[in-house]
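Take a look at the letters that make up each chain.
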There are 2 protein chains.
Amino acid sequence: MSEPTVTENSPGVTDVPGFSAAAAACGIRATGDRDRLDLALIYSKDPCSAAGVFTQNAVKAPPVRLCADLLAAGQPFHGIVANSGNANACTGEEGMADAREMGALTGNALGVPPNSFLVCSTGRIGDRLPMEKLRNGISVATTNLSSDQDRGLAAAQAILTSDTRPKTVTVRFEWEGQTVTEAGLAKGAGMIQPNMATMLAFLATDAAVEREVLQKILGRAVDYTFNRITVDGDMSTNDTVLLLANGRSGVRVADESGGLAERFAVAVRRACGYLAEKIVSDGEKITKVVEVIVAGAESEADAEKVARAIGNSLLVKSSWYGEDPNWGRLADAAGYAGARLVEEKLDIFYEDVPAVAKGRPLPENKPKWKEVVKAPRFRITLNLNLGRDEFRLLATDLTEAYVRFNKSE
Amino acid sequence: MSEPTVTENSPGVTDVPGFSAAAAACGIRATGDRDRLDLALIYSKDPCSAAGVFTQNAVKAPPVRLCADLLAAGQPFHGIVANSGNANACTGEEGMADAREMGALTGNALGVPPNSFLVCSTGRIGDRLPMEKLRNGISVATTNLSSDQDRGLAAAQAILTSDTRPKTVTVRFEWEGQTVTEAGLAKGAGMIQPNMATMLAFLATDAAVEREVLQKILGRAVDYTFNRITVDGDMSTNDTVLLLANGRSGVRVADESGGLAERFAVAVRRACGYLAEKIVSDGEKITKVVEVIVAGAESEADAEKVARAIGNSLLVKSSWYGEDPNWGRLADAAGYAGARLVEEKLDIFYEDVPAVAKGRPLPENKPKWKEVVKAPRFRITLNLNLGRDEFRLLATDLTEAYVRFNKSE
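Residues numbered from 1 in each chain as written. Chains lettered and ligands numbered in written order. Predicted model: local features only at pLDDT ≥ 70, side-chain atom pairs only at ≥ 80, totals over all residues.

Brief notes about the overall build of chain A
Basically, it comes down to this: The numbering of helices and of strands both runs from the N terminus, where a helix is a DSSP run of H or I of at least 4 residues and a strand a run of E of at least 2. Our radius of gyration looks at C-alpha atoms and nothing else; its globule reference is 2.2 Å times the residue count to the power 0.38. Burial is judged by counting other C-beta atoms within 10 Å of a residue's own C-beta: 20 or more means buried, 12 or fewer means exposed, and anything between counts as partly exposed, with every C-beta placed from the backbone.
The secondary structure content of chain A amounts to 11 helices and 18 strands. A compact globule built from 409 residues would reach a C-alpha radius of gyration of about 22 Å, and chain A, at 22 Å, matches this within 12%. Along the longest, intermediate and shortest principal axes, the C-alpha atoms of chain A span 70 × 55 × 35 Å. Burial status across chain A gives 61% buried among its 409 residues.

So, in structure tokens, the structure goes:
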């Protein structure tokens, strides 16, 4: 099976035939920059099947609950409308009415059936949306739709919060002489960890995929990508990944098995994986991305516990920031993860340099691993030597700038 | 039942009849300050029963394993020898031999039977103890024992790592005309959280208590005190709480029930509670202590999950540091804690000021709760309104200085 082609920093969704996009500056943020784009619109004239994966937080923002309800109802969709600057979270029934109104206004302006638009919000928790501003923004955006590549990028820009750059990707593969395109955009930055982040990711494809199949393929892709990154261990109220399929290519993914389904699933996973990487490497005020691999665990759950304990330890993250090769803190975090671990069997590597072998420190290698931690990205491997399961987590350091940045909203 | 008398910042263990103490400066730390006290000795000529509670980290330092073995064997004890500057953790069989030698040297110098001394270490992980320096220190300390109050304080000083001040307490109560004394010292600072901290606490009493009873009383006290504090969510390889009882008062706590046992247990819990408070308020580079109370949970385990998610959230801790009254981050952390929570039932209070009532924000109260978070210590209460169980956690903020301090070892 040939690998799909991945184009990084692409125009995103407007690369997919049949999809257009727009953005507007509504002035949602209470302070500052009124010219900042804060409303994104993604549209397909052709009706789409859709799939979604949402935050597992017990406190779910109204737009998250609305999207889940709409997807469960299963009608065809025509797009996504999303704002940044206000999460519309902890806003009760009024917040749900506001989310519904966002979708209804967009759908009405574009002359599509009710409930054709999925709705997302990201930003500050606990304030009502400034609906007057949103109404203006939606009327601007719906009259500016285009498949130009700058529109795809504008939509990617409009959903950012504390991100420093837009995140887009396009993945293509050939099937029986036909090109299938899969493209997406994402935002991340803070509240990034288990089971998604304060993150939004919107993906579009011109494959034709029935919704149950689409949901399974997306769910699996998210599990292996967005769910294996951590910046600060916080999971947000608004995390959402959506995938729309308009069928424009004529290539039909009829079920979950077989060569085409596999090709399609790989393309979805590539797109999600690339966007997840971009989210980690643009984490709030980070200076390091660390790939934590825990191998030789008795179960994947054990490997995951150890990887997350390490990736979320303040002491470990602070030492990464300081380029301090403190393997003792790795062993300590591994030890309290709640997984089975035998100190006398533990190996620790910085890239390929062993720091601990069967529980015994190898201080003679310290000059080598001190070099490893100077890189902006490096790999740490713990082999528990107890079994065959493993888990890979992308984590970041913790910086003074993160704390300063998050001192206030 | 009258409350016991609590004396804060007391001389500590030398307040207990029959106990003496000493400290020495061995120069254990590789760099800096050769005059810094780094060896503590606590001694009772009378044989003591003893109890201990240890880290639940799967990676246990050799002195922790040694103490657990000695306590399980159950022989009478004559004291504790402890060093700071080196944790003797991840040091394998040699580390265990070093820990044994520390105890044996101390016991031999004082002419008590083998295995009469409990041994503790705290500090850097992964390096062998500098035994030549420790041998000198032990010979100095064992010839300088005294029950003078400055010796109790010197011992409390000698076990500190990144703490800024010694932590001591003395608790006394009367029983049938007899005074029973309970005193202790502790160190904390970083790696402070679930199920103890990088913390050591040594307690002594002149009650006579059989070891099984002593163990139960200490275990319960630790569960309600040291196990309900968090600075950074990290649990160390060396956490240890020890309690020695020499019986000198003649008051005998024969079993776990009855008035005397209850008085004694309250005194132990008071001593542990006071030392736990001191550990939190001297957490590494903190500026705020926040009492997190989660009430109305369906189970105590649920209440605990929510309290710990809040107390360990980087975003919540950063906002406390910034005196930013960001209840949205509290709701978010509560939501991902893994406990049952219904957004529409959630109440949030800053001290007695409601910020959220049945899931609805009360922005009109914001000026009041903005005042609350300016205090160096304040209380946050979440009522889940789902049941009757609750949990109280003492937590701290996260500061830029913490990250700077922990950039390197």
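Here's the deal with the environment of D282 of chain B
Residues and elements named next belong to chain B. Structurally, D282 is set in the loop between α6 (259-281) and β13 (289-297). D282 gets classed as buried once you count the C-beta atoms within 10 Å, which come to 23. Measuring from C-alpha to C-alpha, the distance between D282 and R165 comes to 7.6 Å, with 117 residues separating the pair along the chain.

Focus: unusual backbone geometry
Residue and element names in this part refer to chain A. Even without being glycine, N9 reaches a positive phi, approximately 45°. Locating N9 in the fold gives a position in the loop between β1 (5-8) and β2 (19-24). The phi torsion at K358 lies on the positive side, around 50°, for a residue other than glycine. Tracing the backbone shows K358 in the loop between β15 (353-357) and β16 (360-361). Owing to 14 C-beta atoms within 10 Å, K358 belongs among the partly exposed residues under this scheme.

Considerations on the domain arrangement of chain A
Our working rule: As used throughout, domain bounds are those supplied by an automatic or database domain assignment.
Entries for chain A in the domain assignment read domain 1 (5-281) and domain 2 (289-405). Domain 1 of chain A and domain 2 of chain A are separated by 33 Å when their C-alpha centres are compared.

Looking at the confidence of the model for chain A
All names here are of chain A. Quick reminder of the rule: Per-residue confidence from the predictor is given as pLDDT, running between 0 and 100. Once C-beta atoms have been placed from the backbone, residue pairs whose C-beta atoms lie within 7 Å are recorded as contacts.
Averaged over every residue, the pLDDT of chain A is 90; the share at 70 or more is 95%. Ranking the elements of chain A by mean pLDDT puts strand β10 (residues 229-230) last, at 74, and β2 first, at 97. Below a pLDDT of 50 lies the segment residues 192-197, which in the model reaches 34 contacts outside its immediate sequence neighbourhood of four places, other chains included. We note a pTM of 0.81 for the whole complex and an ipTM of 0.74 for its interfaces.

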